[in-house]
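# Residue-level structure breakdown
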Amino acid sequence: MVELLAPAGNFISLRAVLENGADAVYFGLDNFNMRANAKNFSLDELSEVSKIAKEYGAKTYLGTNIILNERLACELESNLETISASEIDGLILSDIGLIEDTVSHGLEAHISVQENVANSYTLKTLEKLGAKRAILSRELSLREIIEITEKSPIETEIFIHGAICMAISGRCFLSYGLYGRSANCGDCLQPCRKNWTLTYEEGEDNVINFSEVEDESFVITGSDDSSYRTNFFSPKDMCMIEYIPQLMESGVASFKIEGRARSPDYGAMVTGVYREAIDSYENDPTGYAVKDEWMDELTSVFNRGFDTNFYFNTPFEKSEDNQSKYIKKDIGQVVNYYSKVNAAELRIWDDLKLGDKIIIQGQTTGSITHTIDSMQIEGVAVDDVERGSNVAIAIPKKVRKNDFVYKLVERNVDD
């Protein structure tokens, strides 16, 4: 059975992905992971992360995948005893020098995509060093992944959904060169996502690249100042939901969803969709069919448009800004939940009506998406409620006092 590995940027996201079927979660520790701008977790919180995951029978992997200088490597090594005592399952390492120490503390050593593992010879060497798993290079095709995995003596892992940057397996100096903020130390400001201006000078040294890709779609737009603008540095997000059977038959041990810096509702939705798809294939491989609603749900949360990365060809489509169908609007807070009648009392500061889709998020609740089908004020059924009111809604899943309430508002195509 393949593992579905989901991201957790904070405790709300942790609950959200676990409630939606993640077999394992990965998360960051302050100072040591590739998402320095996410909330992350402290050393003292690791035991709580482990405890929550165990409630769901899920495994826990701590990302320590930045480039480690001498000070950080020593600091991480000195923390291994505390990390091990928290009872998490393993570390995601970008530095093979720490494999032996990690394993000696009873932790699994998983090798980060930052190591750019692209062949079975590397995997055999990693086994000798004590690694249990390696996340394969993002630049491999599915055919190459199958070939490598067949020869691999250790588990392999691949990304199946989420953001893809313009660098080789995430190793990039663009942010550091422009802003002094290193992507390799988890502090990328994503300058590749911006709209760039392209200029050139005529001369004998000009190099013109005529692409052999027939359906090339990098868009270069001419401007009044005779320059050209493009965001060719920025690829679309990866989405492999339509290719679950091929991935399931590849022999890979773990499917990874990218997105520790994204919202809890993103983690909940994406994890839930892939959970359903994986279970559907495992239960009936011959009768498996892709559901239209899966793509509808994936496009309802933050995305930059979708592509299949390098799995079948070289990606060529540029990304745009957020392409989700909805904007998430903060509209209220949970006052109380009444378990006997499956109803929540909300205090709202925006209008609400039957048929509206809301998201309720909290540290224990995780992220729940719900369509309003019943509302009452002081025991009287209502179809709509004005801002400033307290309203009771029917909702089958338990929510908690002070959980945040958001309304999904359909995005204007011109936004």
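Look up a bit, the structure's there.
Here the structure is a predicted model, which means the values were calculated and not measured. (Residues numbered from 1 in each chain as written. Predicted model: local features only at pLDDT ≥ 70, side-chain atom pairs only at ≥ 80, totals over all residues. Heavy atoms only, no water.)

## Focus on empty space enclosed by the protein
Put simply, the rule reads: Points on a 1 Å grid, built from protein atoms alone, make a cavity when a 1.4 Å probe fits but cannot get out and make a pocket when they are open with protein on both sides within 12 Å along at least 5 of 7 lines; residues with an atom within 4 Å of a point are the lining residues. Grid points are joined across faces, edges and corners, and a volume is the space filled by probe spheres set on the points. Ten residues, namely Ala, Val, Leu, Ile, Met, Phe, Trp, Tyr, Cys and Pro, are considered nonpolar, four, namely Asp, Glu, Lys and Arg, are considered charged, and the remaining ones, Gly among them, are considered polar.
Tallied over the full model, the rule gives 2 cavities of 30 Å³ or more. The volume enclosed by the largest cavity comes to roughly 60 Å³. Forming the boundary of the largest cavity are Leu136, Ser137, Arg138, Leu140, Ile145, Ile158, Phe159, Met238, Asn309 and Tyr311. Of the residues in the lining of the largest cavity, the class split is 7 nonpolar, 2 polar and 1 charged.

## A closer look at the packing of aromatic side chains
The condition is simple: Paired rings are identified among Phe, Tyr and Trp, the last through its six-membered ring, by centres lying within 6.5 Å, and are further divided according to the angle between planes into stacked (under 30 degrees), edge-to-face (over 60) and tilted (the rest). Helical segments are the DSSP runs of H or I of at least four residues, strand segments are the runs of E of at least two, and each set is numbered from the N terminus. Throughout this description, buried means an accessible area under 20% of the type-specific maximum (1.4 Å probe, protein chains only), exposed means over 50%, and partly exposed covers the range between.
Inspection of the entire model under this criterion finds 5 aromatic pairs. Seen in terms of ring centroids, Phe11 and Phe41 are 5.0 Å apart; in terms of plane orientation they differ by 85°. Their pairing is edge-to-face. Pair noted here: Phe11 is in helix H1 (residues 11-19) and Phe41 is in the loop between strand S2 (24-28) and helix H2 (46-55), with a separation of 30 residues, a long-range link. Comparing Phe11 with Phe41 shows no difference in burial state: the two are buried.

## Here we look at a nonpolar patch on the surface
Under the convention used in this document: Residues enter patches when their relative accessible area tops 30% and they take part in no salt bridge; the joining distance is 9 Å for like charges and 5 Å for the nonpolar side chains Val, Leu, Ile, Met, Phe, Trp and Tyr. Per-residue accessibility takes into account occlusion by the displayed protein chains alone, with areas from the Shrake-Rupley method and a 1.4 Å probe. One side-chain nitrogen of Lys or Arg within 4 Å of one carboxyl oxygen of Asp or Glu is enough to make a salt bridge.
A grouping of Leu178, Tyr179 and Leu189 is seen on the molecular surface, where their side chains present a nonpolar patch of about 260 Å² in accessible area. Residue Leu178 is classed as partly exposed on the basis of its relative accessible area, which comes to 46%.

## Here's the deal with the side chain of Ser86
As a reminder of what qualifies: Contacts were defined at the residue level, with two residues in contact if any of their heavy atoms lie within 4.5 Å.
Residue placement: Ser86 occurs in the loop between helix H3 (70-85) and strand S4 (90-93). When near neighbours in sequence (up to four residues on either side) are disregarded, Ser86 contacts Leu46, Ser47 and Ser50.

## Section: the environment of Ser339
Relative to the elements of secondary structure, Ser339 occurs in the loop between strand S14 (326-338) and strand S15 (343-348). We classify Ser339 as partly exposed; its relative accessible area is 45%. In this structure, the C-alpha to C-alpha distance between Ser339 and Ile395, residues 56 residues apart in sequence, is 9.7 Å.

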